[in-house]
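Notes for the structure review
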Amino acid sequence: MNARWQDTPAAVFLRLMADLMIVNIITVICSFGVITMGASLSAMYAVLFQRERDEGTVAVISTFFKAFVKNFLKATALELIVVLVVGVAAGDFWFAMNAEQPIRTLYVAVGTIIALLALILFIMAFPQQSIYRNTLFNYLKNSLVLAMCAPGQTLLALAAWIVPWYFAITEIEVLKSFGVIYMVFGLSLPAWCTVKLLKKVFDRTKQEDDES
């Protein structure tokens with residue numbers, strides 16, 4: 001009876017929600033140090049990728065902290081690179097606000113391109129770093145290559161992150177009404193969607209590398 005219940009869609013869904021809630025809370029807590037945000041994101045992705053590989057079974061807490069310690073240095077370096085790129089984009093937008101046409105349009109265009117680059121790195125680099133051993137340069141390069149090779153999955157992953165947080169930031173009523181949901185699923189749910197989208201891309205890329 002119990003075994004049959006554990007295999008029902010309802011039980012599978014409840015386990016997913018519980019795992020997402022736990023890993024989200026741990027990620028938020030471990031990100032309070034700011035400099036630990038990169039390692040926290042990488043560890044969250046490590047949990048979600050392992051959960052995907054093991055078909056829903058993963059020791060969330062132990063897997064998270066093992067990956068957090070293992071990936072700390074490179075994940076922190078990636079975080080600093082992403083922050084630097086975001087800073088450059090913010091600088092371009094700030095200059096645009098204080099410039100006259102046509103310089104304003106130029107700064108806005110450049111800032112938009114750099115901001116998109118930062119988003120691609122955020123979406124692609126940390127998932128890679130959580131499961132593959134590589135150099136920082138290759139994480140960055142492969143992020144751009146993957147985005148070009150799988151534009152559909154990249155756009156959907158970007159939407160999974162941007163849409164809910166855009167409304168949370170721009171519409172205060174959304175944050176007031178759904179603040180609890182953001183607290184328990186605000187990071188892990190977009191990350192889980194990203195894992196579902198990128199796992200097929202990573203698997204296909206690995207298969208092509210093996211064949212070559």
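Let us look at the structure shown here.

**Quick look at the side chain of threonine 63**
- Note on placement: threonine 63 falls in helix 4 (residues 60-70).
- At a separation of 2.7 Å, a polar atom in the side chain of threonine 63 contacts the main-chain carbonyl oxygen of alanine 59.
- Residues within four places of threonine 63 in sequence aside, it is in contact with Ala46, Val47, Gln50 and Val58.

**Quick look at a nonpolar patch on the surface**
- A contiguous nonpolar patch, built from Met21, Ile22, Ile25, Ile29, Phe32, Ile61 and Phe65 and spanning about 650 Å² of accessible area, is present on the exposed surface.
- Put simply, the parts of the chain that give the nonpolar patch at least two residues each are helix 2 (9-30) and helix 4.
- Residue contributions to the nonpolar patch peak at four residues, all from helix 2.
- Mapped onto the fold, phenylalanine 65 is located in helix 4.

**Focus: the nonpolar core**
- Among the nonpolar cores identified, the biggest contains 48 residues, and Val23, Met44, Tyr45, Leu48, Phe64 and Trp161 are the most heavily contacted of them.
- The greatest single-element share of this core, amounting to nine residues, is contributed by helix 3 (residues 37-53).
- When near neighbours in sequence (up to four residues on either side) are disregarded, valine 23 contacts Met44, Val47, Leu48, Val60, Phe64 and Ser188.

**Quick notes on unusual backbone geometry**
- Following glutamine 101, the chain continues into proline 102 via a peptide bond in cis, with omega recorded as 0°.
- Along the chain, proline 102 turns up in the loop between helix 5 (72-97) and helix 6 (103-131).
- With a phi angle near 65°, valine 34 is a residue other than glycine that sits in the positive phi range.
- Note on placement: valine 34 falls in the loop between helix 2 and helix 3.

Thresholds, definitions, all that
- Residues numbered from 1 in each chain as written.
- Predicted model: local features only at pLDDT ≥ 70, side-chain atom pairs only at ≥ 80, totals over all residues.
- Heavy atoms only, no water.
- Helix = DSSP H or I, 4+ residues; strand = E, 2+ residues; numbered from the N terminus.
- Polar contact = N/O pair within 3.5 Å; in protein donor to acceptor, adjacent residues only side chain to side chain.
- Contact = heavy atoms within 4.5 Å.
- Patch = residues over 30% accessible without salt bridge, like charges linked within 9 Å, V, L, I, M, F, W, Y side chains within 5 Å.
- Areas by Shrake-Rupley, 256 points an atom, 1.4 Å probe, with all protein chains shown as cover.
- Salt bridge = Lys/Arg side-chain N within 4 Å of Asp/Glu carboxyl O.
- Core = buried A, V, L, I, M, F, W, Y, C linked by side-chain atoms within 4.5 Å.
- Buried < 20%, exposed > 50% of the residue type's maximum accessible area, 1.4 Å probe, protein only.

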